[in-house]
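Structural characterization, general
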Amino acid sequence: MRAILLLHTGGTLGMMPSGEPASLAPGRFLDHLLEQVPELGQMASLSVEVPFNQDSACVEPGDILALAARIRATARDFDGFVIIHGTDTMAFTASCLGFLLADLGKPVVLTGSQRPLAFVRSDARSNLVNAVDLACRAVPEVGICFGTHWVRGVAADKLSVHQFEAFQSPNLPPLAEIGAEIRLHPDAGRFEHRVPAGLDGGLDLDIHTVTPHPGMAWSVPPSTARAVLIQAFGAGNLPMGRADLGAFLRHCEDRKLPVVVTSQCPYGGVDLSAYEMGRKIEAASAISGGLHTRWAALAKLALVLGAGGGVEEVREAFRTQWAGEPMPGEAWPQA
Ligand code: ASP
């Protein structure tokens, strides 16, 4: 039997029918899992740890770095890893871990659920069983197993608050389709590892994020911000006729603050050459986020800033595919 380390970090899956989080003690949590899903004990030799137990809205960068460190430290002892995580920020954790653990060489499967395991009608049981199954398959990917898909972490986003198919990788086919059989994509586990060395020490999230709407007034980022992430309209457009936006971008340029542009649309990505507005943004030194999800863009930025990088390092990072994140012109063929 494969040895799997299951790290429980909180979220809906482990909640009790009362709505309380499950007991913190790892032994008691394993008992709870095996009581609800006894077949897990036949699928793998499971060890359980509870690094933290909280709503994923409360996850801090230190929690993510600690998870990555724990997985690295125990990589020799386990064939795969399952992380139970709240769904709200799972795509961000998966993006960070996808970059931080790109060279691990073992599966890291994040999962969670829309309804607690202790509920009679719940997606938790099947998500857990599928996650453990995937973790036993020796496919070296960090991905989210949810509903009928396993999707690459650095391409994933939560697209539904209530549907059992909550996650997708809008710009990349799934790593696996989960039905009567689990069908792995032929390219699952195959990507070039190009994460620059030395990017594992910190996640600097002092990033000013902006999601504009028509007519919005632009005020310059706080003085502490080290970068700006704008979720622009469509292919990366912004109202470049506005004087306050012009002042905003000039301020960022003068202060050498990297400005990365992603899209408010989950499908497709930024192409700053497509419209006049985009071309003006590019001329103002902004960096295209291409097909990066907002979470992958945030994770990449935080890692570069955490290692002390500035505008040039950020520009290079968004030009380079680090760990199989979708890039323009490099998408997989549909499975
Ligand atoms: N608020 C919960 C969390 O993200 C939602 C969930 O787990 O589905 O922790």
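This structure is a prediction, so every number in the text was calculated from the model and none was measured.

Further remarks concern the overall build of the protein chain. If you tally the helices and strands in the protein chain, you get 9 helices and 14 strands. Taken along the three principal axes of its C-alpha coordinates, the protein chain extends 60 × 40 × 35 Å. Counting the 335 residues in the protein chain, one finds 54% classified as buried. Residue pairs in contact within the protein chain that sit at least 24 positions apart in sequence constitute 72% of those at least 6 positions apart. When the accessible surface of the protein chain is split by element, carbon and sulfur atoms take 51% of a total near 14000 Å².

Relative to the helices and strands, D157 is located in strand β7 (residues 157–158). Apart from residues lying up to four places away in sequence, D157 is in contact with A91, A166, F167, Q168, R294 and W295.

The subject of this paragraph is the sheet that holds strand β14 (residues 287–288). Strand order in the open sheet formed by 4 strands is β11-β12-β13-β14, with parallel pairing between adjacent strands. The open sheet has two free edges, formed respectively by β11 (207–210) and β14, since each of these has just one partner strand. Pairing of β11 with strand β12 (residues 227–232), which is carried by 4 bridges, proceeds in the parallel orientation. Counted as the bridge partner of I207 is A227 from β12. Each of β11, β12 and β13 (259–263) touches helix α8 (residues 294–306); the most contacted strand, β12, lies at about 170° to it.

Once that is clear, we can look at unusual backbone geometry. Despite not being glycine, A138 has its phi angle at roughly 60°, a positive value. Structurally, A138 is set in the loop between α5 (124–135) and β5 (142–146). Residue A138 is classed as partly exposed on the basis of its relative accessible area of 43%. With phi around 75°, S285 is a residue other than glycine that occupies positive phi space. Relative to the helices and strands, S285 resides in the loop between α7 (276–283) and β14.

Backbone hydrogen bonds hold the strands of a sheet together, and the pairing may be parallel or antiparallel. Taken in spatial order, the 8 strands of this open sheet run β2-β1-β3-β4-β5-β6-β9-β10, and their pairing is mixed. The open sheet has two free edges, formed respectively by β2 (45–49) and β10 (182–184), since each of these has just one partner strand. With strand direction ignored, the average angle separating the axes of adjacent strands in the sheet is 25°. The strands touched by α5 are β1 (3–8), β3 (80–84), β4 (108–111), β5, β6 (149–152), β9 (176–178) and β10; relative to β3, the strand with the most contacts, the crossing angle is about 155°.

Our focus in this paragraph is the site of the ligand. As a matter of local geometry, the ligand sits amid G11, T12, D55, S56, G86, T87, D88 and S113. T12 places a polar main-chain atom, nitrogen or oxygen, 2.9 Å from an oxygen atom of the ligand. For the ligand, whose accessible area on its own is 260 Å², the fraction buried by protein is 87%. Of the residues contributing to the shell around the ligand, the split by class is no nonpolar, 6 polar and 2 charged.

What follows is about the packing of aromatic side chains. Enumeration over the complete set of coordinates arrives at 5 aromatic pairs. Summarising the aromatic geometry, the rings of F78 and F81 are spaced 5.9 Å apart at their centres and angled 65° between planes, so their arrangement reads as edge-to-face. Look at F78 and you get buried, because its relative accessible area is 11%. Its relative accessible area of 0% is what places F81 among the buried residues. Measuring from ring centre to ring centre gives 5.1 Å for F99 and W322, while their planes differ by 80°; the resulting arrangement is edge-to-face. Taken together, the positions of F99 in helix α4 (residues 90–100) and W322 in the segment after α9 (311–319) put the pair 223 residues apart, joining distant regions of the chain. Considered together, F99 and W322 belong to a single accessibility category, that of buried residues. K300 extends its terminal NZ or CZ atom over the ring of F318, reaching a point 5.5 Å from the ring centre. Just above the ring of W322 sits the side chain of K300; from NZ or CZ to the centre is 5.0 Å.

Rules behind the numbers
Residues numbered from 1 in each chain as written. Predicted model: local features only at pLDDT ≥ 70, side-chain atom pairs only at ≥ 80, totals over all residues. Heavy atoms only, no water. Helix = DSSP H or I, 4+ residues; strand = E, 2+ residues; numbered from the N terminus. Buried < 20%, exposed > 50% of the residue type's maximum accessible area, 1.4 Å probe, protein only. Contact = heavy atoms within 4.5 Å. Areas by Shrake-Rupley, 256 points an atom, 1.4 Å probe, with all protein chains shown as cover. Pairing = 2+ DSSP bridges. Axes fitted to C-alpha atoms, helices over the stretch in contact; angles between N-to-C directions. Near = heavy atom within 4 Å. Polar contact = N/O pair within 3.5 Å; in protein donor to acceptor, adjacent residues only side chain to side chain. Nonpolar A, V, L, I, M, F, W, Y, C, P; charged D, E, K, R; others polar. Phe/Tyr/Trp six-rings, centres within 6.5 Å; stacked < 30°, edge-to-face > 60°. Lys NZ or Arg CZ within 6 Å of the ring centre and 35° of its normal.

By themselves, these are just geometric observations and shouldn't be taken as functional.
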